[in-house]
Every structure is written in C-alpha cells, then in structure tokens.
Amino acid sequence: MRKLVLCGLLVPFVFLGQTPKIIVGIVVDQMCYDYLYRFQHHFSTDGFNRFLTSGVNCRNTNYNYVPTYTGPGHASIYTGTTPYNHGIVANEWYDRTQAKGVNCVFDPSVQAVGNSSSGYGQVSPHHLETMTITDQLKFTYPSSKVFSISIKDRSAALPGGHLSDGSYWFDYSSGKFITSTFYMNQLPSWVQTFNEQKNADSYLADWELLNDPSSYSRRIDNSPYEVTIKGAKTPTFPYAFTSFARGNYSQFTITPFANTLLTDFALELIQREGLGKNDATDMLCMSYSTPDIVGHAFGPYSLEIEDIYARLDLELAKLFNTLDKQVGKHNYVVFLTADHAVVPVPQQLTDEKLPGGYFDMSACLTSINTQLQKKYGSILIQSEENQNIYLDYPLIDSLKLNRSVIQQEVASILRSFPEVKVAVTGSDLERGIIQDPWMQMILNGYSKERSGDVIFILKPGYLAISSNASSEHKGTSHGSAFNYDTHVPLLWYGNRMKHQEIFRPLEITDISATLVHMLKLQRIGSMTGKPIVEILGH
Ligand code: ZN
Ligand code: ZN
C-alpha cells in the first residue's frame, strides 16, 4: 500500500522533471552557422552564449531540399518534413488553375483582424498539407497553448499551424501586430493595448554601432556590395532613421528595433497568456525577420549584419532572463535555428577571383522562347518562378504536342547554359530518375501540383537576377541547394539538458522529430525527420 502511494506521488514528479512547461522555438531569418563564431566576441553571457556554453550545439545541421526560402524553411522546421510532403514549395509559386502566382500564406477566404486595410491580413496556413508539431501538440492536449509571432506573415502562420491560439505578424501599413479571421474575430485586449503603447513609432531610433568600431571584424563600412537604403546617402553608419523612416513601417523592418519590438511582444505574450503555467506543455514560436532584410541589403560580410547579431544577442538574453524568472530555470526548452543561410554577394566572389556570378533569367527565358518559337511556331512557356519553368498545357495540347517531349527539350536548352548545374523534368522526378544528390534535394522540394515542369539549379556562387543592371550586383539572396544556404545553427537549451556538441550530420526536419519524443507525441502524418537522440537521453 505504502509503495503504491509512493508511486502515485512519484509519477507526476518524474513527468514534470522531463517534460518542459514551455517550449520556445526561435527562428532567425537568414542566419549562417559561422555567425555563432564570427560574431561571438560581441555576445553577452546570457544570449547566444547560453546555448554555446550550457546547451546543445548541433554543429552540422543542413537543409535537405531546394529551394531554401523562408516559407519552406519555417514549414520544414515545424512539420519535420520537406516541401515534397508539406507542400510549401516556395514563398510564391505559379498556380496553374488560377493562372497566376500565389503566396504561400495568402488566403482570400479570411480577413485581416486588427487593421482596416486587408492588404497584409488575408493570411492562414491553409496551403500546408500536413500537420505541424504545434498542431500535433494542441490536437493531442487541447489545454496546451500554442502561439506564433513574427514580423513576416508566413513566418508566423506556418509555425503556428492550423490550431494556433494566436498567430500574429507585423502590419506594414500600420506598424502594429495583426492576425486574421482564420484564428479569431478580434485581437485580444492585451494585443490592442500593446499596439497602442508599443509600436513601430515608439521603437524607431537612429542606428549606430552597438560596440567600439575597432571591435568589428569588418572595418570597411562603405563597400560596393551594399545597397543604399532609401533616405540614406551611403550604406554607412549612423543611419538617421528618425529623420527619414518615420511613418515608413516597411523601412522599420530593416532596423534592429524591429527585433526589439518582437522580443517585447513575446515577453508580453508569455505573461498575458500565462504560458508555462499550465499542466500541459505550451509552445511559443517566434521568428526574427530583420536579419534577413538586413542580410539581403548588405550581405553576410557587412558591418550592418555584424551589428544586427550583436544586438540580437541582447534580445535573446532578455528572453532567457525573463523565462528564468517567470517559468523557472529548469522548466523550459528553447531551440534556435534559421530558415536558411545566404550566399556571399556574388560580385564580391568574382572580384576576389572566387567561383560564382550572376545568371540573367530574362535573357535565358528569351533564348528558350526563341528556340521553341522557331521549332513549334509558339512560345510554349506560361511562367517561371524560383527556377521552375511552367509549360502552357492548354496551348501544348491544342497544338497536339507531347508535354514530356517539350519538357525534355526545355531541360536540354537549360543544360546548354554554362551556369546551369542540373536541369530535371517533373516527369523524371516522379518516375524516380535521380542521378545525383542535387536531384534528390530537388525532389525533396517538389510538389506535383505546385512545382514547374522543368526545375534547374545553378552552379555554386551564382544568383539568378532579373536583369543585368548594376543595381542587381549589390546585396545578395538565398534559395540554393549549396552549403552556404543550407548550413544553419541548431541550438538547444534548458530543462536539464546535458551540455554537448553534436557533429554528426543532422537535417532541419530532425527538429520536430525530436520535439515529438520530448513531448511524447505520435509522429506526425508525413514526418520524415529523425529524433536527435543525444538531446533526449539524460
Ligand atoms: Zn527567410
Ligand atoms: Zn531572404
């Protein structure tokens, strides 16, 4: 009898010791793995260093599909599978039935909540074809609370999944956090109050270097590889945002103060929604978009990106210290990763005699169209998105041409460009004709409804640009299958986790597969990731 009583007492204790009260998932939009080390001398003890000195550092984590964009990245982190299964093949893809491009989170059946213009609010995760880890948690344990927040709409809507208690993103027209009727019909009163008191207007300031200029690894501020943002004369510090960006909420998102706004919104949310106070585990997904916006404009080797990370570190420290106080040091788990990394500015690569360059997409399409026109008397291409070529089926069918013959023809024209590494047809992918690891990554990112007829990738270091204007040779982007885009940080901290570094190769889909076991849930529908057992063992 006495033993039974003891067991009865012990079981909930053990349960609490192993299952965190709250999981906070942090995605940093466009973060390269090496930033952890290149910028570490700027970091405080409680920001990135919490993970690096006391947590788990998965040092060899990569994306396992192409294209490496924001929508697919967030969907893959939170579903534990690739676009082949979750369906988010890009930020925007060509929709054959509507004959136009569609955004991965645009949903015309819902309305904005929290602003009068609907432009930034018709958003939901309705294009996701599988459940997220947040869905699985909420569906299994309805008393769990699940929230997601970001500056970008897709970075909030995809992580929060279909059952989110609240997914909020930044409204570029009002500078406030909004949501859509997919989730609720009215903003909670605490969000309304937050928006009134703490919004883009109240956070905007001038941007100066956080630390002594001599402590930065890059010394050249005015490089030819940086975009000059509207209102500034040169791409140099200090940026007098208060004089030229006031009321311009789109421009606010390139300032480090957008990161601070997001952190403060998260802290308010944790408190107001009582996260971590439940008997079931709660989950908060947050995504910092500003590093991506800064990275596109200035590139990974700029003073601007270095300063953004020096400042982001302070945001993380603020978050950790609040979780310690409000939830308790051993009661939470935080993980941090990125939705993709980024390629160095290709112009800098070529100037420094490194492999890379630009691929003029419009010239390429003109060449394909000319050759098809000459042979068939018609341009048989309907659209190009994200290096996917969509054929014009009605036209091909009316001319009684064979679709797969045209696919092969387009693929072989693409292969004749020296910058093209691989071109493969959708039919070949579906038939399982995979000749190399890059084709496997294309297949992992492929959807028979949403992808094109011919998909191609460029050689490493190349970016596709829409014209050969010199402005296109400033700033950079991502989306490729190569390591500069796929190798991202994956850090864990909390709940008595053993400090360790893991060097074996991990895939981005392993994050949710690990969370499944941490939360003792059923694996999700089409989940393909594998649990990181080193983290789960005690
Ligand atoms: Zn992104
Ligand atoms: Zn980006």
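Residues numbered from 1 in each chain as written. Chains lettered and ligands numbered in written order. Predicted model: local features only at pLDDT ≥ 70, side-chain atom pairs only at ≥ 80, totals over all residues. Heavy atoms only, no water.

Participant: Is there a simple way to explain the environment of Gly356 in this structure?
Facilitator: Looking at the secondary structure, you find Gly356 in the loop between α15 (346-351) and β12 (357-360). Using a relative accessible area of 11% as the deciding quantity, one classes Gly356 as buried. Residues Gly356 and Pro460 lie 104 residues apart in sequence; the distance between their C-alpha atoms is 6.2 Å. Each residue touching Gly356, except ones within four places of it in the same chain, is listed here: Thr350, Pro460, Gly461 and Tyr462. (Helix = DSSP H or I, 4+ residues; strand = E, 2+ residues; numbered from the N terminus. Buried < 20%, exposed > 50% of the residue type's maximum accessible area, 1.4 Å probe, protein only. Contact = heavy atoms within 4.5 Å.)

Participant: Could you clarify how one ought to interpret the coordination of the zinc ion (ligand 2) in this entry?
Facilitator: In an ideal tetrahedron of four donors about a metal, each angle is 109.5 degrees. In an ideal octahedron of six donors, the angles are 90 or 180 degrees. The coordination sphere of the zinc ion (ligand 2), as far as protein atoms go, consists of Asp292 (OD), Asp292 (OD), His296 (NE2) and His478 (NE2), spread over 2.0 to 2.6 Å. Taken in sequence order, the residues that donate to the zinc ion (ligand 2) follow the motif D-x3-H-x181-H. A separation of 4.2 Å is found between the zinc ion (ligand 2) and the zinc ion (ligand 1). Here His478 lies in the loop between β17 (462-465) and α21 (483-486) and His296 lies in helix α13 (residues 290-298), a separation of 182 residues in the sequence. (Donors = N, O, S within 2.8 Å, 3.2 Å for Na, K, Ca; no water.)

Participant: I tried to follow the packing of aromatic side chains on my own but got confused; where do I start?
Facilitator: The geometry of an aromatic ring pair comes down to the distance between the two centres and the angle between the two planes. Tallied over the entire structure, the rule returns 35 aromatic pairs. Ring plane angle 55° and centroid distance 6.3 Å describe the contact between Phe177 and Phe194, whose orientation is recorded as tilted. Residue Phe177 is located in strand β9 (residues 177-180), and its partner Phe194 is located in helix α8 (residues 189-197); the two are separated by 17 residues in the primary sequence. Residue Phe177 shares its accessibility class with Phe194, and that shared class is buried. The ring of Tyr393 is capped by Arg403, whose NZ or CZ atom sits 3.8 Å from the centre of that ring. (Phe/Tyr/Trp six-rings, centres within 6.5 Å; stacked < 30°, edge-to-face > 60°. Lys NZ or Arg CZ within 6 Å of the ring centre and 35° of its normal.)

Participant: Please clarify how the pattern of salt bridges should be interpreted in this entry.
Facilitator: Within this structure, the stated rule accounts for 18 salt bridges. Between Glu129 and Arg450 there is a salt bridge, with the nearest N and O atoms lying 3.5 Å from each other. With Glu129 in the loop between β6 (112-113) and α6 (133-140) and Arg450 in the loop between α20 (437-444) and β16 (454-458), this pair connects stretches of sequence that are 321 residues apart. For Glu129, a relative accessible area of 44% puts it in the partly exposed group. Measuring nitrogen to oxygen at the nearest pair gives 2.8 Å for the salt bridge that ties Lys318 to Asp264. (Salt bridge = Lys/Arg side-chain N within 4 Å of Asp/Glu carboxyl O.)

Participant: Before we go on, may I ask you to explain the layout of surface pockets in this structure?
Facilitator: Taking a probe equal in size to a water molecule and rolling it over the atoms shows the remaining empty space. Volume-wise, the largest pocket comes out at about 620 Å³. Forming the boundary of the largest pocket are 41 residues, of which Tyr69, Asn386, Gln387, Ala464 and His478 lie nearest the centre. Every element with two or more residues in the lining of the largest pocket is listed here: β13 (381-385), β14 (388-391), β16, β17 and α21. Within the lining of the largest pocket, the residues separate by chemical class into 22 nonpolar, 12 polar and 7 charged. If you add up the space inside the second largest pocket, you get close to 380 Å³. If you tally residues by element for the lining of the second largest pocket, the top one is α13, at 4 residues. When its residues are assigned to classes, the lining of the second largest pocket shows 5 nonpolar, 8 polar and 5 charged. (1 Å grid on protein atoms, 1.4 Å probe; cavity = no way out; pocket = protein on both sides within 12 Å on 5 of 7 lines; lining within 4 Å. Points joined across faces, edges and corners; volume = space filled by probe spheres on them. Nonpolar A, V, L, I, M, F, W, Y, C, P; charged D, E, K, R; others polar.)

Participant: What is the right way to look at unusual backbone geometry in this model?
Facilitator: Outside of glycine, negative phi angles account for most residues, and trans bonds account for most peptide bonds. Residue Pro67 is bonded to the preceding Val66 through a cis peptide linkage, with omega at 10°. For Pro67, the location among the structural elements is in the loop between β3 (61-62) and α4 (70-79). Residue Pro238 follows Phe237 across a cis peptide bond; omega there is -5°. Counting through the fold element by element, Pro238 comes out in the loop between α9 (200-203) and α10 (241-244). Despite not being glycine, Asn495 shows a phi value in the positive range, around 45°. For Asn495, a relative accessible area of 5% gives the class buried.

Participant: I tried to follow the nonpolar core on my own but got confused; where do I start?
Facilitator: One recurring pattern in soluble globular proteins is that nonpolar side chains are buried together. Of all hydrophobic cores here, the largest spans 126 residues; its most connected members are Ile26, Phe48, Tyr168, Met286, Tyr309 and Trp492. Core analysis: the second largest hydrophobic core is formed by 23 residues, Phe359, Met361, Ala411 and Leu458 among them. (Core = buried A, V, L, I, M, F, W, Y, C linked by side-chain atoms within 4.5 Å.)

Participant: Could you clarify how one ought to interpret the packing of α8 against helix α12 (residues 257-272) in this entry?
Facilitator: If you want to describe how two helices pack, look at the angle between their axes and the distance between the axes. Running from amino to carboxyl end, α8 crosses α12 at an angle of 150°, the nearest separation of the two axes being 11 Å. On the basis of the axis angle, α8 is roughly antiparallel to α12. Considering how the two elements wind past one another, α8 and α12 form a crossing that is right-handed. Packed against α8, whose contacting residues are Trp190, Val191 and Phe194, the element α12 presents Leu261, Asp264, Phe265, Glu268, Leu269 and Arg272 at the interface. Taken together, the residues of the contact of α8 with α12 sort by class into 6 nonpolar, no polar and 3 charged. (Axes fitted to C-alpha atoms, helices over the stretch in contact; angles between N-to-C directions. Parallel < 35°, antiparallel > 145°, perpendicular 65-115°, else oblique. Left-handed = near helix turned anticlockwise from the far one by under 90°.)

Participant: Is there a simple way to think about the coordination of the zinc ion (ligand 1) in this case?
Facilitator: Around the zinc ion (ligand 1), the protein contributes the donor atoms Asp29 (OD), Thr70 (OG1), Asp339 (OD) and His340 (NE2), which lie 1.9 to 2.1 Å from the metal centre. Each of the 4 donor atoms bound to the zinc ion (ligand 1) contributes to angles spanning 95 to 127°, and the resulting shape is tetrahedral. Sequence spacing of the donors to the zinc ion (ligand 1): D-x40-T-x268-D-H. (Tetrahedral: all angles 85-135°; square planar, octahedral: opposite > 155°, others 65-115°.)

Participant: Sorry, what's going on with α6 here?
Facilitator: Since one α-helical turn is 3.6 residues long, residues separated by three or four positions face the same way. In terms of burial, α6 is a largely internal element, 6 of the 8 residues being buried. Of the positions making up α6, those classed as buried are Ile133, Thr134, Asp135, Gln136, Leu137 and Lys138. The secondary structure elements touched by the buried residues of α6 are α4, β7 (146-150), α7 (153-160), β10 (282-288) and α22 (510-518).

Participant: In this structure, what is going on with helix α16 (residues 361-376)? I would like to understand it.
Facilitator: Over its 16 residues, α16 extends 22 Å from the first C-alpha to the last, a length consistent with the 22 Å expected when each residue adds 1.5 Å. On the buried face of α16, the contacting elements are β12, β13, β14, α18 (403-415), β16 and β17. (Expected span 1.5 Å × (residues − 1).)

Participant: What is the right way to read the sheet that holds strand β15 (residues 420-425) from this model?
Facilitator: Strands in a sheet are paired, the pairing made by backbone hydrogen bonds, and the direction either parallel or antiparallel. Read from one edge to the other, the open sheet built from 4 strands follows the order β13-β14-β16-β15, with strand pairing classed as antiparallel. What marks the edges here is a single partner per strand, and that holds for β13 and β15. Neighbouring strand axes in the sheet, compared pairwise and without regard to direction, differ in orientation by 20° on average. Pairing between β15 and β16: 5 bridges, direction antiparallel. By the bridge assignment, Ala423 is partnered in β16 with Phe456. Packing of α18 onto the sheet brings it into contact with β14, β15 and β16, and relative to β15 it is tilted by some 180°. (Pairing = 2+ DSSP bridges.)

Participant: Which parts of the structure should I look at to understand the environment of Ser302?
Facilitator: On the secondary structure map, Ser302 appears in the loop between α13 and α14 (303-326). The class for Ser302 is buried, based on a relative accessible area of 1%. Counting along the chain gives 85 residues from Ser302 to Ser217, while the straight-line C-alpha distance between them is 9.1 Å. Leave out the neighbours within four places in its chain, and Ser302 touches Arg218 and Glu226. One polar contact links the side chain of Ser302 to the main-chain carbonyl oxygen of Gly299, over a distance of 2.8 Å. (Polar contact = N/O pair within 3.5 Å; in protein donor to acceptor, adjacent residues only side chain to side chain.)

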